[in-house]
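Each chain, letter by letter, is given below.
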Amino acid sequence: MKDIQKNNPSKNYSADSIKVLKGLEAVRKRPGMYIGDTDDGSGLHHMVFEVVDNSIDEAIVGFCKKITITMHKDNTVTVEDDGRGIPVDVHKGEKKSAAEVIMTQLHSGGKFDQNSYKVSGGLHGVGVSVVNALSEKLDLTVFRDQKEYFISFKNGKTVSPINFIKKTKKSGTKITFLPSKDIFSSIKFNASTLHKKMRELAFLNKGLQINLIDETHAKIKLYESKYSGGITEFVSFLDQKKSILANKNEKAAFKKPLYLMGERRNIIVECSFQWNAGFSEEVLAFTNNIQQKDGGTHLLGFRSALTRIINKYLAEKNLAKKNKVTVGGEDIKEGLTAVLSIKMPDPKFSSQTKDKLVSSEIRNIVESIISDKVTIWFDQNPSVLRVVLDKVLQAAIARDLARKTRDSVRRKGTLELSGLPGKLADCQISKMEGTELFIVEGDSAGGSAKQGRTREFQAVLPLRGKILNTYINENKKINGFNGSHENRALSKMMSSNEIVTLINALGTGFRNFDIENLRYEKIIIMTDADVDGSHIRTLLLTFFNNQPFNQLIEKGHLYLAQPPLFKITKGTKSVYIKNEKELEKYILKSSENAVKKLTKTALEKFISNEKKKLRIQRFKGLGEMNPEELWQTTLNPENRTLLRVEYSKGTKEKSKEDRNIIKILMGDEVAPRKNFIISKALEVENLDI
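Chains are numbered independently. Their residues run from 1 in the order of the written sequence. Note on the predicted model: pLDDT of at least 70 is required for a residue's local features to be given, and 80 or more for side-chain atom pairs to be given and counted; whole-chain, interface and lining totals, by contrast, use all residues. Hydrogens and water are ignored here; the side-chain numbers use all heavy atoms of the structure.

1. Overview of the overall build of the chain
In this text, helices come from DSSP runs of H or I with a minimum length of four residues, and strands from runs of E with a minimum of two, each type numbered from the N-terminal end. Per the secondary structure count, the chain includes 24 helices and 26 strands. The buried label goes to any residue with under 20% of its type's maximum accessible area, the exposed label to any with over 50%, and the partly exposed label to all in between, with areas taken from a 1.4 Å probe on protein chains only. Of all 689 residues assigned to the chain, the portion counted as buried reaches 51%. Throughout, a residue-residue contact means that at least one pair of heavy atoms, one from each residue, lies within 4.5 Å. Within the chain, contacts between residues separated by at least 24 positions form 69% of all contacts whose residues are at least 6 apart in sequence. Method for areas: the Shrake-Rupley scheme with a 1.4 Å probe, in which residue coverage is limited to the protein chains shown. With the model as given, the accessible surface of the chain reaches about 33,900 Å², and the carbon-plus-sulfur share is 49%.

Structure (structure tokens):
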């Protein structure tokens, strides 16, 4: 707490610190948007969490040491802290006390003023006003400047202005509220739900005491939470809980969980983790004391750093090569327990519930801090490093053996065909739904893709050489292959080992094509972002345009990946750009003011000069990207962009026109192709020569 306070805001927390963004009526009309489900209990308990979050914000900046939550028999809840107390002086813009403004105006509070709170939790500042709006009754007592003040509300509306009550030596804020029975199906709070959350907050805020008092039973219960060890104790607690649930005493890899802390650009990163002999993983990620159940950029940074570090030591000691295994993220996860806590100003989330952090700058910061600190710790503790490497290696070996066993018995019948191609790195799940097959060109790109993918649902098939440029006339009977052209085309096609490999991987067969036997839900063509890659992509699309494989396009199974062509690095931040045009756009956008003053010619010179200033890496191929980069930009479903291949929507004639154009351009008759090119020559915008 003391370390954080050093960089903290001034103590001049007054009415001037309160910024107002008006509006409260919508809360009672649509409470679910602001507080969560009003029927299953989650929204009800979130009311308490929102009030407590304000007290936690005071603790983060070093002004609060103790928070007490009391559950009363009449279903009211009191939250009291020993912080600075909500400001009570008159707000200049609103002509009423700051306390009343905070309680009655949506989007009002000290969190919108960067001088009051550098970091904060809460629901974008709407928390306490939403609690007031959804409460049948709410009483606010403020202890500030050696004076006690009181104001009460009903259904979010002020009963009377704030009043001075008496002198006092106390400091802080006390809120007692009764949830509205018109809003919530039940207003009965659950002590264990509240205790779990308060214990979590105490772990995340080292040294802060949080007491929960349950007065709803004949015997009053007190739950005290205070942890001088902070998240290190949190990890030990989670590890012990895992052992109890597994009904075994799973030995930890080292005596005490590793703890590290670092700060970059006003962002504080705390992390603690431990491995045990078990198989299950539990990694919790928090931003400003709020858990992201769906992870986010901070968790990606943590996982990436850990994977890189482990693989670095395995390579140095030649252990992975010696054991003939490739260690992936899933092997490192096995038995891992970790808590990652970020404190930062103005975090960005994917939704109002804050279940996923999307602040892009966080990943590199977390990855850098974790890499530096963990590397130092491992270098200082070689015996612990050996235990961890052995654990990870055993997981990789066991997974590899399990895969080989599974592959020998999985999906018989149609999947056997002439045997699955040896170069296919198949996925682990046996059902078609949710699976993806990436078709890549060359072993180098295939190697990166195999390491970067998620083995559970992503398969990789590397093909060597350019796919045969072959077109089968769709207007003729295909199943019997009547006619000399079809027989020649089929013979030509099936003479290509790469085509046979691809058909076998798809599982549909050819002569007796059956789309029901398709082994993957998504078939994704992933080629380099250059001219050669475009050529290979065109040839593959031509193949899939043939009957009967055009059914894969019609049913929405075929996609194009969008790998980047450039990587631009500025400091610790990297940006990926997909082509030359996007690179120019990026340069122009980043220097918008300077560009406005330039002529077209001087623009061109400006772009050329700016390119020289930037650290630009041009990927000659997918194989040049390391597995983490390929995952981050092209494989990860959360970040990537996929283009679905479709025929023109509308009439059958329009769809036929699409097929006919492909036939003209990629068929074996020269005259129609020449005529088409001549007729369209003046329409060309980008010509690659």
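From this point, the narrative continues.
2. Examining the pattern of salt bridges
Note on definitions: salt bridges are taken to be side-chain nitrogens of Lys or Arg within 4 Å of carboxyl oxygens of Asp or Glu. Using the criterion set out here, one finds 22 salt bridges in the structure. In this structure, R264 engages D372 in a salt bridge whose closest nitrogen and oxygen atoms are separated by 3.3 Å. Residue R264 is located in strand β14 (residues 258–264), and its partner D372 is located in helix α12 (residues 361–380); the two are separated by 108 residues in the primary sequence. A relative accessible area of 31% means that R264 is categorised as partly exposed.

3. Considerations on unusual backbone geometry
Although it is not a glycine, R265 sits at a positive phi angle of roughly 50°. On the secondary structure map, R265 appears in the loop between β14 and β15 (267–275). Backbone geometry places N289, a non-glycine residue, at a positive phi of 75°. Its place among the elements puts N289 in the loop between β16 (282–287) and β17 (290–291). Relative accessible area serves as the criterion here: at 1%, N289 is assigned to the buried category.

4. Comments concerning the nonpolar core
Soluble globular proteins tend to pack their nonpolar side chains together in the buried interior. Side-chain atoms within 4.5 Å are what join buried Ala, Val, Leu, Ile, Met, Phe, Trp, Tyr and Cys residues into a set we call a nonpolar core. Within the largest apolar cluster, 61 residues are counted, with the highest numbers of intra-cluster contacts made by V48, I69, L140, F177 and I210. If you look at the next biggest cluster of nonpolar residues, it comprises 44 residues, including L260, L314, F349 and L389.

5. Some details on the sheet that holds strand β18 (residues 336–343)
Any two strands with at least two DSSP-identified bridges between them are counted as paired. Read from one edge of the open sheet, 5 strands run β14-β15-β18-β16-β17, paired in mixed fashion. With partners counted over all chains shown, the strands left at the sheet margins are β14 and β17, one partner each. Bridge count between β16 and β18: 6 bridges; the pairing is parallel. By the bridge assignment, F286 is partnered in β18 with S341. Each axis is a line fitted through C-alpha atoms, taken for helices only over the stretch in contact, and angles between the N-to-C directions span 0 to 180 degrees. Strand contacts of α12: β14, β15 and β18, with the helix running at about 135° to β14, the strand carrying the most contacts.

6. Points about the pairing of β18
Most of β18 is tucked away: 8 of the 8 residues are buried. Residues L336, A338, L340 and I342 line one face of β18 and the alternating positions T337, V339, S341 and K343 line the opposite face, and both faces are buried. The pairing of β15 with β18 spans 8 bridges and is classified as antiparallel. Of the residues in β18, the one forming a bridge with W275 is L336.

7. Describing the environment of P672
As for its placement among the helices and strands, P672 is situated in helix α24 (residues 670–680). Along the primary structure P672 and I661 are separated by 11 residues, whereas in three dimensions their C-alpha atoms are 9.8 Å apart.

8. Details of α12
A helix is expected to reach a length of 1.5 Å times the quantity of its residues less one. An ideal rise of 1.5 Å per residue puts 28 Å on 20 residues; α12 measures up with 30 Å between its terminal C-alpha atoms. Along α12, the residues classified as buried are I362, R363, I365, V366, E367, I369, I370, S371, V374, T375 and F378.

9. Thoughts on the sheet that holds strand β19 (residues 436–441)
Pairing is mixed across the open sheet formed by 5 strands, whose spatial order is β20-β19-β21-β22-β26. Looking at which strands have only one partner, the edges of the open sheet turn out to be β20 (458–463) and β26 (642–644). Shown here is a sheet whose adjacent strand axes are inclined to one another by a mean of 25°, direction ignored. Bridge count for β19 against strand β21 (residues 522–526) is 5 bridges, and the pairing is parallel. Looking at the pairing, F438 lines up with I524 of β21. Contacts from helix α16 (residues 497–506) reach β19, β20 and β21, with the element oriented near 165° to β20. On top of the sheet, helix α17 (residues 531–545) reaches β19, β20, β21 and β22 (558–561); it is set at about 150° to β21, its chief contact.

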